[in-house]
Amino acid sequence: MMKRLLKLSAVAALATATLATAGTLDDVKKAGVLKCGVNTGLPGFSEADSKGTWRGLDVDYCRALAAVVLGDASKVKFVPLNAKERFTALQSGEIDVLSRNTTDTETRDTALGINFTGVMYYDGQGFMVPKSLGVKSAKELDGATVCIQAGTTTELNLADYFRANGMKFKAITFDTNDQVTKAFEAGRCDVLTTDASGLYATRTKLKDPAKYVVLPEIISKEPLAPAVRHGDDQWFDIAKWTRNALLTAEEKGLTMANVDDAKAKSTDPEVKRLLSVEGEMCKNVGLEKGCFYNAIKQVGNYGEIFERNVGVKTPLKIQRGLNALWTKGGLQYSPPFR
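The structure reproduced in this document is the subject of the present report.

Calculation notes
- Residues numbered from 1 in each chain as written.
- Predicted model: local features only at pLDDT ≥ 70, side-chain atom pairs only at ≥ 80, totals over all residues.
- Heavy atoms only, no water.
- Helix = DSSP H or I, 4+ residues; strand = E, 2+ residues; numbered from the N terminus.
- Buried < 20%, exposed > 50% of the residue type's maximum accessible area, 1.4 Å probe, protein only.
- Contact = heavy atoms within 4.5 Å.
- Core = buried A, V, L, I, M, F, W, Y, C linked by side-chain atoms within 4.5 Å.
- 1 Å grid on protein atoms, 1.4 Å probe; cavity = no way out; pocket = protein on both sides within 12 Å on 5 of 7 lines; lining within 4 Å.
- Points joined across faces, edges and corners; volume = space filled by probe spheres on them.
- Nonpolar A, V, L, I, M, F, W, Y, C, P; charged D, E, K, R; others polar.
- Salt bridge = Lys/Arg side-chain N within 4 Å of Asp/Glu carboxyl O.

Next up on the list: the environment of valine 271. Mapped onto the elements, valine 271 comes out in helix H11 (residues 269-274). Overall, valine 271 belongs to the buried group, its relative accessible area being 4%. Distance in space between the C-alpha atoms of valine 271 and glycine 253 is 9.7 Å, their sequence separation being 18 residues. If we skip the residues at most four places from it in the chain, valine 271 touches Lys252, Leu254 and Ser266.

Pasting the structure below:
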């Protein structure tokens with residue numbers, strides 16, 4: 001009898017939790033704004049400019065999601081969060097979506113009660129050092145002092161890498177990326193470690209970027225993805241298929257400039273479904289016709305987002321690499337719109 005009561009209590013608790021987290025779409029519509037958790041400041045991914053306008057790849061994903069849900073990419077409230085705050089903010093409902101260079105891991109996807117909506121940027125952890133250190137490989141860092149941001153996957157990766165290679169290190173941790181950058185530039189540590197994209201972004205902030213080098217080793221897999229809460233399947237579907245729409249748009253050659261022409265003239269069945277000329281792709285996720293068209297028209301396809309924020313013509317000068325479409329040798333891939 002006791003076992004049966006405990007089982008029923010567990011089921012009731014799960015049902016209560018599910019009800020508590022359901023209805024995000026209604027909440028966003030009622031508020032008229034999407035609350036998006038972003039980095040406190042990471043060039044190319046999420047950073048406020050001198051006028052207070054947020055820019056970056058993670059930022060543009062949230063704008064695309066707002067365009068899909070609210071029909072207006074500008075209806076986003078950006079909530080800057082450090083690494084330790086981000087998951088609590090999502091779990092508590094302070095934000096509707098987390099789009100903050102966050103690695104999809106088994107523990108986060110299960111034990112933390114969140115769902116990752118699909119990889120926006122394939123990355124890996126690396127190391128940056130001053131050229132004056134005379135180091136050409138991470139395997140020469142035995143005994144180094146390492147600056148690192150607390151509450152990130154980089155801490156465990158760092159410990160695993162040094163242990164596997166029989167090396168020792170001293171870690172100095174900080175709460176924010178800005179604190180890490182300032183400490184590294186001030187010479188408080190020999191090495192700065194984070195995702196390689198973050199290293200390139202951080203280097204642009206240094207007074208003399210040419211004095212620093214990113215070492216060749218990549219020591220981990222860091223699939224960076226937006227996340228939403230467990231328990232709200234409809235919101236998860238919307239967030240997931242927003243990302244997929246951006247990728248499909250690039251694959252089909254749809255851009256901000258030509259999407260209207262394609263909507264009027266395209267004979268491609270998948271393009272017609274994506275742009276709501278045919279089918280019920282938007283209705284399937286509880287939205288009005290044209291939801292994905294709005295994202296493409298107002299924010300652009302995945303390639304446009306990538307290139308204007310982190311691509312080769314930006315200060316970060318990042319090649320597409322793993323983030324190229326699957327048709328061009330990369331890993332970026334969307335399930336079909338059908």
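Residues Trp235, Ile238, Leu275 and Phe292 are the most contacted members of the largest nonpolar core, which totals 59 residues. The leading source of residues in this core is helix H3 (residues 57-70), at 10 residues. Beyond its immediate sequence surroundings of up to four residues, phenylalanine 292 is in contact with Val68, Trp241, Thr242, Ala245, Leu274, Met281, Cys282 and Phe337. Formed by 14 residues, the second largest nonpolar core is a distinct cluster that contains Val129, Ala138, Leu141 and Met167.

A volume near 190 Å³ is recorded for the largest pocket. Around the largest pocket sit Tyr121, Tyr122, Asp123, Ala196, Ser197, Tyr200, Ile318, Gln319, Arg320, Gly321, Leu322 and Asn323, which together line it. Mapped onto the lining of the largest pocket, the elements with two or more residues apiece are strand E7 (121-123) and helix H8 (196-203). By residue class, the composition of the lining of the largest pocket is 6 nonpolar, 4 polar and 2 charged.

Going through the model one piece at a time under the given rule, you end up with 13 salt bridges. Here aspartate 60 ties to arginine 308 by a salt bridge, and the two come within 3.0 Å at their closest N and O atoms. One end of the pair, aspartate 60, is in helix H3; the other, arginine 308, is in helix H13 (residues 302-309), and 248 residues separate them in sequence. Classification of aspartate 60 by relative accessible area gives buried; the value is 6%. Measuring nitrogen to oxygen at the nearest pair gives 3.8 Å for the salt bridge that ties glutamate 280 to lysine 283. The structure contains a network of salt bridges with shared partners spanning Asp60, Arg63 and Arg308.

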